[in-house]
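Structural description and commentary
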Amino acid sequence: MASVDRRLKTPRAAGIAGLAFAALFVTSLVLLRNDPARGSTAAEIRDFYLGTHAGSVALVGVYLAPFSGIAFLWFIAAVRSLIGEREDRFFATVFLGSGLLFVAMLFVAAGVGGALLAAVKFQHEPVPSADTVVTIRSLAFGFLFVYGMRMAAVFMIVVSTIAMRLGVFPRWLVVAGYLAALVLILNVSYSEALVLVFPAWVAAVSVVITVRAPDTD
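Conventions adopted
Residues numbered from 1 in each chain as written. Predicted model: local features only at pLDDT ≥ 70, side-chain atom pairs only at ≥ 80, totals over all residues. Heavy atoms only, no water. Core = buried A, V, L, I, M, F, W, Y, C linked by side-chain atoms within 4.5 Å. Buried < 20%, exposed > 50% of the residue type's maximum accessible area, 1.4 Å probe, protein only. Helix = DSSP H or I, 4+ residues; strand = E, 2+ residues; numbered from the N terminus. Contact = heavy atoms within 4.5 Å. Phe/Tyr/Trp six-rings, centres within 6.5 Å; stacked < 30°, edge-to-face > 60°. Arc of directions from axis to C-beta. Patch = residues over 30% accessible without salt bridge, like charges linked within 9 Å, V, L, I, M, F, W, Y side chains within 5 Å. Areas by Shrake-Rupley, 256 points an atom, 1.4 Å probe, with all protein chains shown as cover. Salt bridge = Lys/Arg side-chain N within 4 Å of Asp/Glu carboxyl O. 1 Å grid on protein atoms, 1.4 Å probe; cavity = no way out; pocket = protein on both sides within 12 Å on 5 of 7 lines; lining within 4 Å. Points joined across faces, edges and corners; volume = space filled by probe spheres on them.

1. Quick notes on the nonpolar core
If you look at the biggest cluster of nonpolar residues, it comprises 43 residues, and the most contacted ones within it are Phe72, Phe169, Phe198 and Trp201. Among the elements of the structure, helix 1 (2–32), helix 3 (56–83), helix 4 (89–113), helix 6 (130–166), helix 7 (171–186) and helix 9 (197–212) are those that each provide at least two residues to this core. Sort the elements by how many residues they give to this core and helix 6 lands first, with 12 residues. Ignoring any residue separated from it by four or fewer positions in sequence, one finds Phe72 in contact with Phe21, Gly99, Phe102, Val103, Phe155, Phe198 and Val202. In this structure, Ile45, Tyr49, Leu117 and Val120 belong to the second largest nonpolar core, which totals 9 residues.

Written as structure tokens, this is what we have:
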């Protein structure tokens, strides 16, 4: 009986992990934005990297990113648990592939974004030039905005399709998932606000999973 109880509680616990992902992901992005602004002078860049508490806020964002990825893996498990034996192999492959690739792109983007700061603070490398800072920031943005968000959009489409076929999500959430995915796939800008679409959708799905968990058997 105890093992059955643990199995039934898994969707709710993993649904909460989806909320944790949304919170950690957004927090990490906000903290990682605390870097030298575009057009910063050499002196401003030096102060950022060599100050007493230089880059501490951004460094916290770097360390939070892996935890958001781990929480997202639990979220993937929540959705699979909700689908259960009705899972289709074709959709399951795209579902898992896009989810794992999103986590990979998130880790790479955070790693690249924090590389210069880690090099200066922990490996005592020289302060980077303004051109290097811009290049690294552009590379991190590319991994997250161009590749990571496309994988997130594919993930949303697959989950919404599965949910529509099985009737496990309310219709409004399915429609919202499709619309949000289209926005992320067709977007060609670097608008940081659009990145918030994905964690908002994950949070909504997590709430639905958490609320419906007691009905799972």
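Moving on from the model shown.
2. Thoughts on the packing of aromatic side chains
Counted according to the given criterion, the structure contains 18 aromatic pairs. Ring geometry for Phe72 against Phe155: centres 5.2 Å apart, planes inclined by 55°, an arrangement best described as tilted. Here Phe155 lies in helix 6 and Phe72 lies in helix 3, a separation of 83 residues in the sequence. The class of Phe72 is buried, set by a relative accessible area of 0%. Look at Phe141 and Phe145: their rings are 4.9 Å apart centre to centre, the planes differ by 20°, and that puts the pair in the stacked class. Of this pair, Phe141 and Phe145 are both found in helix 6, 4 residues apart, which corresponds to roughly one turn of the helix. Classification of Phe141 as buried rests on a relative accessible area of 18%. Through pairs of rings, three or more aromatic residues link up here, namely Phe21, Phe25, Phe72, Phe75, Phe95, Phe102, Phe155, Phe198 and Trp201.

3. Considering helix 5 (residues 115–122)
Looking only at helix 5, the buried set comprises Leu116, Leu117, Ala119 and Val120. In a view along the axis of helix 5, the buried residues occupy a sector of 165°, so they form one face of it. Contacts made by the buried residues of helix 5 are with helix 2 (42–50), helix 3 and helix 6. Remark: His124 follows helix 5 within two positions and exhibits a positive phi of approximately 55°.

4. Description of a nonpolar patch on the surface
Among the surface-exposed residues, Val175, Leu179, Leu182, Ile185 and Leu186 lie close enough to one another that they form a single nonpolar patch of about 460 Å² accessible area. Relative to the elements of secondary structure, Leu182 occurs in helix 7. Here Leu182 falls in the partly exposed class, since its relative accessible area comes to 46%.

5. Considerations on the environment of Ile45
Within the fold, Ile45 resides in helix 2. Separated by 83 residues in sequence, Ile45 and Pro128 place their C-alpha atoms 7.9 Å apart.

6. Some thoughts on empty space enclosed by the protein
All chains considered together, the criterion is met by 2 cavities of 30 Å³ or more. Space inside the largest cavity adds up to approximately 40 Å³. Around the largest cavity sit Phe145, Met149, Arg150, Leu184, Asn187, Ser191, Leu194 and Val195, which together line it. Of all the elements in the fold, those that place two or more residues in the lining of the largest cavity are helix 6 and helix 8 (192–195). Examining the composition of the lining of the largest cavity, we find that 3 residues originate from one element, helix 6, more than from any other.

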